[in-house]
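So the chains spell out like this:
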Amino acid sequence: MSHRSLRFALFLPAFMLPALSSFAQEAPLSTDRPGFGDGSAVMAPGRIQIEGGYGYSEDGPVVFHALGQALVRIGVLPRVELRLGLNSFLIWDAADRSRSGFEDSMIGAKVGLLEGDGVPLGRPSLTLIVLTSLPTGDDRLSADALQPEAKLAADWPLTDVLGLSANAGVASVANGADSREAQYTLTLPLGAGLPSVPGLGVYAGYRLQALPGLDTSRHDLEGGATYLLDPNTQLDVNFGAGVHPAGNDTFFVGLGVARRL
């Protein structure tokens, strides 16, 4: 499982909440974790949200431990948030060697384009996310180049307790010193709240990553749950598996927390 791949994603961040209005001044807590993609909700001006966690993954014979996964979201305008990704301290263990160090950091912004009406099968919410990685990581883990990405994120309530979220975008991924490739990713999760357990939500999804013109598609399935500990704190767990072109099946599991300040 790649920890630095830039993604085109589809994800439901607040699946346990019936209302999906993205731009209310004090909207219900909505996070961009766990899962492959990002939601459409934008931080209100003056509010800060910190998200992070731990992930364990296996990619064939290689085992990864990712500690941190930190994302800081800062509301700067009614429909604009600044995003700072501190990324993880990565431990990479293989049969003949191991490595450790920090991954590349990230800076970006999320801009609200369309406010959803919160009505099942009504008008979805839509945002634009632009970002780039920064070559600040350990020499053995850094891409040594900017890797920009742009994507659209949409949330669409299907019923009072079931929702769909969609991201669509493209990333320019460095491939060697002077070469780049466009990478596309599609993820399709559904999320649901559980009325019998207030604050608990569950989701399941599929991700496809592809480089055009090459037979290098990656397919992943994931699932997970969130629990709203209080109006400003969410705990989460996620897990999944995938099949990749090199023939190495992958497995991953993670734990995390998000806190709005």
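Here the structure is a predicted model, which is why all the values come from computation and not from measurement.

Caption draft 1: Structural context of a nonpolar patch on the surface. Together, Leu194, Val197, Val202, Tyr227, Leu229, Leu235 and Val257 make up a nonpolar patch on the protein surface, roughly 510 Å² of accessible area in all. For leucine 229, the position within the fold is in strand 12 (residues 218-230).

Caption draft 2: Up close: the side chain of aspartate 32. Note on placement: aspartate 32 falls in the segment before strand 1 (48-59). Looking at aspartate 32, its side chain comes within polar contact range of the side chain of arginine 83, at 2.8 Å. Here lysine 110 takes part through its side chain, which lies 3.2 Å from a polar atom of the side chain of aspartate 32.

Caption draft 3: Spatial organisation of the pairing of strand 9 (residues 180-187). In the sheet, strand 8 (residues 162-174) pairs with strand 9 via 5 bridges, with the strands oriented antiparallel. Note that in strand 9 the partner of alanine 171 across the bridge is glutamine 183. In terms of strand pairing, strand 9 meets strand 11 (residues 200-210) through 4 bridges, oriented antiparallel. From the neighbouring strand, tyrosine 184 faces strand 11, where its bridge partner is alanine 210.

Caption draft 4: A look at the pattern of salt bridges. Within this structure, the stated rule accounts for 14 salt bridges. Notably, a salt bridge pairs arginine 140 with aspartate 138, separated by 3.3 Å at the nearest N-O pair. Judged by its relative accessible area of 46%, arginine 140 is partly exposed. Note on aspartate 138: relative accessible area 25%, which makes it partly exposed. Put simply, Asp32, Asp38, Glu51, Arg73, Glu81, Arg83, Lys110, Glu149 and Lys151 are held in one network by salt bridges that share partners.

Caption draft 5: Broad picture of the confidence of the model for the protein chain. When the pLDDT values of the protein chain are averaged, the result is 85; 86% of them are 70 or greater. When mean pLDDT is taken per element in the protein chain, strand 5 (residues 105-114) scores highest with 97 and strand 9 scores lowest with 86. Of the regions scoring below 50 in pLDDT, residues 1-25 engages in 137 contacts with residues more than four places distant in sequence or in other chains.

Caption draft 6: Layout of the pairing of strand 13 (residues 233-243). When strand 12 meets strand 13, the two strands line up antiparallel, connected through 11 bridges. By the bridge assignment for strand 13, glycine 223 is matched with phenylalanine 239. With 11 bridges joining them, strand 13 and strand 14 (residues 249-260) adopt antiparallel strand pairing. Counted as the bridge partner of leucine 235 is valine 257 from strand 14.

Caption draft 7: Looking closely at the packing of aromatic side chains. In total, this model carries 3 aromatic pairs according to the counting rule given. On the basis of an interplanar angle of 70 degrees and a centroid distance of 5.1 Å, the ring pair of phenylalanine 89 and phenylalanine 102 is categorised as edge-to-face. In this pair, phenylalanine 89 is assigned in strand 3 (residues 80-93) and phenylalanine 102 in strand 4 (residues 98-102), connecting sequence segments 13 residues apart. Phenylalanine 89 sits in the partly exposed class, given a relative accessible area of 29%.

Thresholds applied
- Residues numbered from 1 in each chain as written.
- Predicted model: local features only at pLDDT ≥ 70, side-chain atom pairs only at ≥ 80, totals over all residues.
- Heavy atoms only, no water.
- Patch = residues over 30% accessible without salt bridge, like charges linked within 9 Å, V, L, I, M, F, W, Y side chains within 5 Å.
- Areas by Shrake-Rupley, 256 points an atom, 1.4 Å probe, with all protein chains shown as cover.
- Salt bridge = Lys/Arg side-chain N within 4 Å of Asp/Glu carboxyl O.
- Helix = DSSP H or I, 4+ residues; strand = E, 2+ residues; numbered from the N terminus.
- Polar contact = N/O pair within 3.5 Å; in protein donor to acceptor, adjacent residues only side chain to side chain.
- Pairing = 2+ DSSP bridges.
- Buried < 20%, exposed > 50% of the residue type's maximum accessible area, 1.4 Å probe, protein only.
- pLDDT = per-residue confidence, 0-100.
- Contact = heavy atoms within 4.5 Å.
- Phe/Tyr/Trp six-rings, centres within 6.5 Å; stacked < 30°, edge-to-face > 60°.

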